[in-house]
Amino acid sequence: MSDGDADGEAPATDGSWRRRAARWVTLPNVLTVAVMLWAAPRCWPHVEALLGVRQREARRPDFAVTTRTGDTLTMASLRGRVVLVNVWATWCGPCRAEMPALQRLSEAYKAEGMVLLGLSVDRGAAAKVDAFLADRGITYPVAIVGGDVLAALGGVRGYPTSFLIDRDGVVRHTVMGPVAPLTLRPAIQRLLTEAASGPRAITP
C-alpha cells in the first residue's frame, strides 16, 4: 500500500498540479508579482538606510556647484558635515511632494551639522526654479546642475534621488523616491553621531 493510500489520500497527479497552477496564474496575481519585482530593487535601499546597512560601493564624489543665492559649494568645503543631496526637478510630481518634508529635515538637523543640498536638473529658465522655491518656502541651498555633477555622484536613474554623504565625504546611502525624508532620518541621526576621520571643515 502506498503512503498516499495509508493516509487516505490519493497521490497528487500531474493533472491536479496543473489545475492548481492554473488557478493561481490569474491577472491580479501576475500583476502583484510584477509590481513586487519592480519595486524590490527600489525599496531595498530604503530598508538599508533604516537598518543602517552601509552602501557596498564607497564613493567620494567631487564636484562644485553655484547655488541660486550665488554661493559656491564644493565637497571639500562641506567636509566635516553630513550632507544630504537631493536631485529633483520642478516637473517631477514626487519631487514636489517630498519638498516640504525635506525643508523640515533641513531645519531639524542644520544646527547639528547637516547640510541639505538640492540639485535641480531643470533645463528651462532659472527664474522658474527660483519662483518654484520661493512659492514653497524652500530655504536650503539649491543649484541647477548638468550631467557632469550627476555623473560625479554615480549617476541618477530616476527622480527624486537622494544621496546621504558622511562627514568624510563618502556616499553612505542612495535612495530613490519621495519617501527619502522618512527612511533617511534614522541614517542622518546615526551619521551625525560619527566623527570625521580628518579635520572638520568650517563653512558659513
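Here we summarise the structure given alongside this text. Note that this is a predicted model, so its numbers are computed, not measured.

Some thoughts on the pattern of salt bridges
Logical step 1: Counted by the stated rule, this structure contains three salt bridges.
Logical step 2: Put simply, aspartate 130 and arginine 68 hold a salt bridge, and the shortest N to O gap is 2.8 Å. Taken together, the positions of aspartate 130 in helix α5 (residues 126-135) and arginine 68 in the loop between β1 (64-66) and β2 (72-74) put the pair 62 residues apart, joining distant regions of the chain.
Logical step 3: The salt bridge involving glutamate 194 is made with arginine 172; its shortest N-O contact spans 3.1 Å. Within this pair, whereas glutamate 194 is found in the segment after α7 (180-192), its partner arginine 172 is found in strand β7 (residues 171-176), the two being separated by 22 residues in sequence.
Logical step 4: Taking the relative accessible area as the measure of exposure, glutamate 194 reaches 34% and is therefore partly exposed.

Some details on the environment of arginine 59
Logical step 1: With respect to the secondary-structure elements, arginine 59 resides in the loop between α3 (27-51) and β1.
Logical step 2: Taking C-alpha positions, arginine 59 is 7.9 Å from glycine 154, a pair spaced 95 residues apart along the chain.
Logical step 3: Residues contacting arginine 59, with those up to four places away along its chain left out, are Leu153, Gly154, Phe163, Gly169, Val170, Val171 and Thr174.
Logical step 4: Polar side-chain contacts of arginine 59 include one of 2.6 Å to the backbone oxygen of leucine 153.

Cut-offs and rules
Residues numbered from 1 in each chain as written. Predicted model: local features only at pLDDT ≥ 70, side-chain atom pairs only at ≥ 80, totals over all residues. Heavy atoms only, no water. Salt bridge = Lys/Arg side-chain N within 4 Å of Asp/Glu carboxyl O. Helix = DSSP H or I, 4+ residues; strand = E, 2+ residues; numbered from the N terminus. Buried < 20%, exposed > 50% of the residue type's maximum accessible area, 1.4 Å probe, protein only. Contact = heavy atoms within 4.5 Å. Polar contact = N/O pair within 3.5 Å; in protein donor to acceptor, adjacent residues only side chain to side chain.

Interpretation note: all reported values are geometric properties and have no functional meaning in isolation.
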